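These are the residues of each chain, in order.
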Amino acid sequence: MCTAATYLTGDFYFGRNLDYEFSYGDEVTITPRNYPFHFRSLEKELTAHYAMIGMAYIAGDYPLYYDAVNEKGLCIAGLNFVGNAAYQEPVPEKDNVAQFELIPWLLGQCASVKEARELIARMNLTNIPFSEKLPLAQLHWLISDRTESITLEAMKDGLHVYDNPVGVLTNNPPFPYQMFQLNNYMQLSPATPENHFSKELPFKTYSRGMGAIGLPGDLSSQSRFIRAAFTKMNACSGDSEEESVSQFFHILTSVEQQRGCCLLENGKYEITLYSSCCNADKGIYYYTTYDNRQISAVYMNHEDLESSTLVRYPIIQKASIHTVN
Ligand SMILES: C[C@H](CCC(=O)NCCS(=O)(=O)O)[C@H]1CC[C@H]2[C@@H]3CC[C@@H]4C[C@H](O)CC[C@]4(C)[C@H]3C[C@H](O)[C@]12C
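The rules behind these values
Residues numbered from 1 in each chain as written. Predicted model: local features only at pLDDT ≥ 70, side-chain atom pairs only at ≥ 80, totals over all residues. Heavy atoms only, no water. Helix = DSSP H or I, 4+ residues; strand = E, 2+ residues; numbered from the N terminus. Rg over C-alpha atoms; globule rule 2.2 N^0.38 Å. Buried < 20%, exposed > 50% of the residue type's maximum accessible area, 1.4 Å probe, protein only. Contact = heavy atoms within 4.5 Å. Areas by Shrake-Rupley, 256 points an atom, 1.4 Å probe, with all protein chains shown as cover. Lys, Arg positive; Asp, Glu negative; His and termini not counted. Charge placed at Lys NZ, Arg CZ, Asp CG, Glu CD. Disulfide = S-S within 2.5 Å. Pairing = 2+ DSSP bridges. Axes fitted to C-alpha atoms, helices over the stretch in contact; angles between N-to-C directions. Salt bridge = Lys/Arg side-chain N within 4 Å of Asp/Glu carboxyl O. UniProt positions renumbered as here; feature names shortened; annotations may be inferred. Core = buried A, V, L, I, M, F, W, Y, C linked by side-chain atoms within 4.5 Å. 1 Å grid on protein atoms, 1.4 Å probe; cavity = no way out; pocket = protein on both sides within 12 Å on 5 of 7 lines; lining within 4 Å. Points joined across faces, edges and corners; volume = space filled by probe spheres on them. Nonpolar A, V, L, I, M, F, W, Y, C, P; charged D, E, K, R; others polar.

**Topic: the overall build of the protein**
Piece 1. Of regular secondary structure, the protein possesses five helices and 16 strands.
Piece 2. Radius of gyration (C-alpha) of the protein: 20 Å, near the 20 Å computed for a compact globule of 325 residues.
Piece 3. When the backbone C-alpha atoms are referred to their principal axes, the protein occupies close to 75 × 60 × 45 Å.
Piece 4. Out of the 325 residues belonging to the protein, those deemed buried represent 51%.
Piece 5. For the protein, long-range pairs separated by at least 24 residues make up 67% of all intrachain contacts whose partners lie at least 6 apart in sequence.
Piece 6. As presented, the protein carries roughly 15900 Å² of accessible surface, and 53% of it is formed by carbon and sulfur atoms.
Piece 7. Across the protein, 24 positive and 37 negative side-chain charges occur, with their mean positions spaced 4 Å apart.

**Regarding unusual backbone geometry**
Piece 1. For the bond from Asn-172 to Pro-173, the omega torsion is -5°, close enough to zero to count as cis.
Piece 2. Counting through the fold element by element, Pro-173 comes out in the loop between strand E12 (168–169) and helix H3 (175–181).

**Focus: the state of the cysteines**
Piece 1. What the rule picks out here adds up to zero disulfides.
Piece 2. Just so you know, Cys-75 is unpaired, no disulfide at all, and the nearest cysteine sulfur is the one on Cys-278, 6.4 Å from it.
Piece 3. This cysteine, Cys-236, is not joined by any disulfide, and Cys-277 carries the nearest cysteine sulfur, 16 Å off.

**Points about the sheet that holds strand E15 (residues 296–299)**
Piece 1. The sheet built from six strands is open, its strands ordered E12-E1-E2-E13-E14-E15 with antiparallel pairing. With partners counted over all chains shown, the strands left at the sheet margins are E12 and E15, one partner each.
Piece 2. Two elements, strand E2 (residues 12–20) and strand E13 (residues 271–279), share eight bridges in a ladder whose sense is antiparallel. When the sheet's bridge partners are listed, Gly-15 is paired in E13 with Cys-277.

**Regarding the sheet that holds strand E5 (residues 62–70)**
Pairing between the strands of a sheet comes from backbone hydrogen bonds, and it takes one of two forms, parallel or antiparallel.
Piece 1. Taken in spatial order, the eight strands of this open sheet run E11-E10-E9-E6-E5-E4-E3-E16, and their pairing is antiparallel. In this open sheet, the two edge strands, each paired with only one partner strand, are strand E11 (158–163) and strand E16 (311–314). Put simply, the sheet's adjacent strands are angled 30° from each other on average, direction ignored.
Piece 2. Pairing between E5 and strand E6 (residues 75–80): three bridges, direction antiparallel. The partner of Asp-67 across the bridge, within E6, is Ala-77.

**Here we look at the pattern of salt bridges**
Piece 1. Throughout the structure, instances matching the rule amount to ten salt bridges.
Piece 2. When the shortest N-O distance is used, the salt bridge between Asp-11 and Lys-282 registers 2.4 Å. Of the two residues, Asp-11 is situated in the loop between strand E1 (2–8) and E2 and Lys-282 in the loop between E13 and strand E14 (284–289); the sequence distance between them amounts to 271 residues.
Piece 3. For Asp-11, a relative accessible area of 15% gives the class buried.
Piece 4. Residue class for Lys-282 comes out partly exposed when judged on its relative accessible area of 43%.
Piece 5. A salt bridge links Arg-122 to Asp-95, with the nearest nitrogen and oxygen atoms 3.7 Å apart. Of this pair, Arg-122 sits in the loop between helix H2 (113–121) and strand E8 (123–126) while Asp-95 sits in strand E7 (residues 95–98), and the two are 27 residues apart along the sequence.
Piece 6. For Arg-122, a relative accessible area of 47% translates into the label partly exposed.

**Concerning the UniProt feature "domain: Choloylglycine hydrolase/NAAA C-terminal" (unreviewed entry) in the protein**
Piece 1. Taking the numbering used here, the UniProt-annotated feature "domain: Choloylglycine hydrolase/NAAA C-terminal" (unreviewed entry) corresponds to residues 2–312.
Piece 2. End-to-end, the C-alpha atoms of residues 2–312 are 23 Å apart, and along that stretch the chain is 16% helix and 30% strand.

**Quick word on the nonpolar core**
Inside soluble globular proteins, nonpolar side chains tend to come together where they are buried.
Piece 1. Ranked by internal contacts, the top residues of the largest apolar core, which has 49 residues, are Ile-53, Met-55 and Tyr-285.
Piece 2. Residues within four places of Tyr-285 in sequence aside, it is in contact with Val-28, Ile-53, Gly-54, Met-55, Asp-67, Tyr-274, Ser-276, Cys-277, Cys-278, Ser-296, Ala-297 and Val-298.
Piece 3. Counting residues in each nonpolar core, the second largest holds 43 residues, with Phe-81, Phe-100, Val-113 and Ala-154 among its members.

**Section: the pairing of strand E9 (residues 139–144)**
Piece 1. Most of E9 is tucked away: six of the six residues are buried.
Piece 2. Both faces of E9 are covered, namely the face carrying Leu-139, Trp-141 and Ile-143 and the face carrying His-140, Leu-142 and Ser-144.
Piece 3. As paired strands, E6 and E9 are joined by six bridges and run antiparallel to one another. The partner of Gly-78 across the bridge, within E9, is Trp-141.

**Some remarks on helix H1 (residues 102–109)**
Piece 1. In terms of residue burial, H1 counts as a mostly covered element, since eight of its eight residues are buried.
Piece 2. The complete set of buried residues in H1 reads Leu-102, Ile-103, Pro-104, Trp-105, Leu-106, Leu-107, Gly-108 and Gln-109.

**Some thoughts on the layout of surface pockets**
Piece 1. Put simply, the largest pocket is a space of about 760 Å³.
Piece 2. Forming the boundary of the largest pocket are 32 residues, of which Tyr-24, Tyr-66, Asn-80, Ala-137 and Leu-139 lie nearest the centre.
Piece 3. When residues of the lining of the largest pocket are traced back to their parent elements, those giving at least two are E2, E5, E6, H1 and E9.
Piece 4. With four residues, E2 is the largest single contributor of residues to the lining of the largest pocket.
Piece 5. Residue lining of the second largest pocket: 15 residues in total, with Pro-193, Glu-194, Asn-195, His-196 and Met-210 positioned closest to the centre.
Piece 6. Its residues assigned to classes, the lining of the second largest pocket comprises six nonpolar, seven polar and two charged.

Have a look at this one:
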């Protein structure tokens, strides 16, 4: 399971929890403007494009991004959509983009969600795997900038683009069902509840936090969607970088997976391998990992963005404890 979310203070923040039972060997990866992107079924090459930073597995010299932001502040995260994602054979009349090429294709060329919508309208998302060892991943995507978010889902009946007014995405079921379920929670509130049950009963608000009783606490995708939506829609903080990043990680923590609570059929546990928070305006990629809860930061703008070679920073997994005495 995974959860992605957006958050706006003075700057725009975008990030995700990556929940899984093993890591591919993730690296914070900066693709500078002149790294050449060749596409499997397209004549067009992107030899000059927007620079981007995000989490990727690098296969050979190719950045397979899970989530990333470009220098214009456009952000994308891919999340599992197993059993529902369906990709097509290439067709002559469209831009054929392989599933693993989606993030470079959009972030390389688009400065906003509006521009991404235009490319998506001409796009066919194809079923060409990266390699035999790295077969197709069944994903859907949250695509955001500081003004709007959309959800992109490729299903048997074609590509769907949904407005995403919450700025949150998890996994199954398809996005319209996730959104519909929110209707059942409109009574939740951060404020102390009032008695609408019966005037004849002497109810007591005996604890703080009772306004959100009924918020689902489990780790299912639907429940994480509702919990992350409630937390994000009510979240507030100061505008400073420290306050914004701190608050963003607290939003993600509301849906994190602790080892032991989600047992898989292979006997392993799904955990939150990493949580990320990107300052999309400044191109800063912050992350924590399951065992390293100190925030690490990689600045895209500290690198030579005119270069043509990937810049890679393997994730720092080891905890570092600030010893005080
Ligand atoms: C496992 C992750 C999703 C975690 C998640 O959502 N867990 C919910 C489980 S559940 O749905 O709730 O049961 C996803 C998210 C992004 C993916 C990579 C995208 C690039 C590349 C695409 C290639 O084609 C295959 C290899 C590749 C490196 C992918 C590996 C893997 O697939 C990644 C990491």
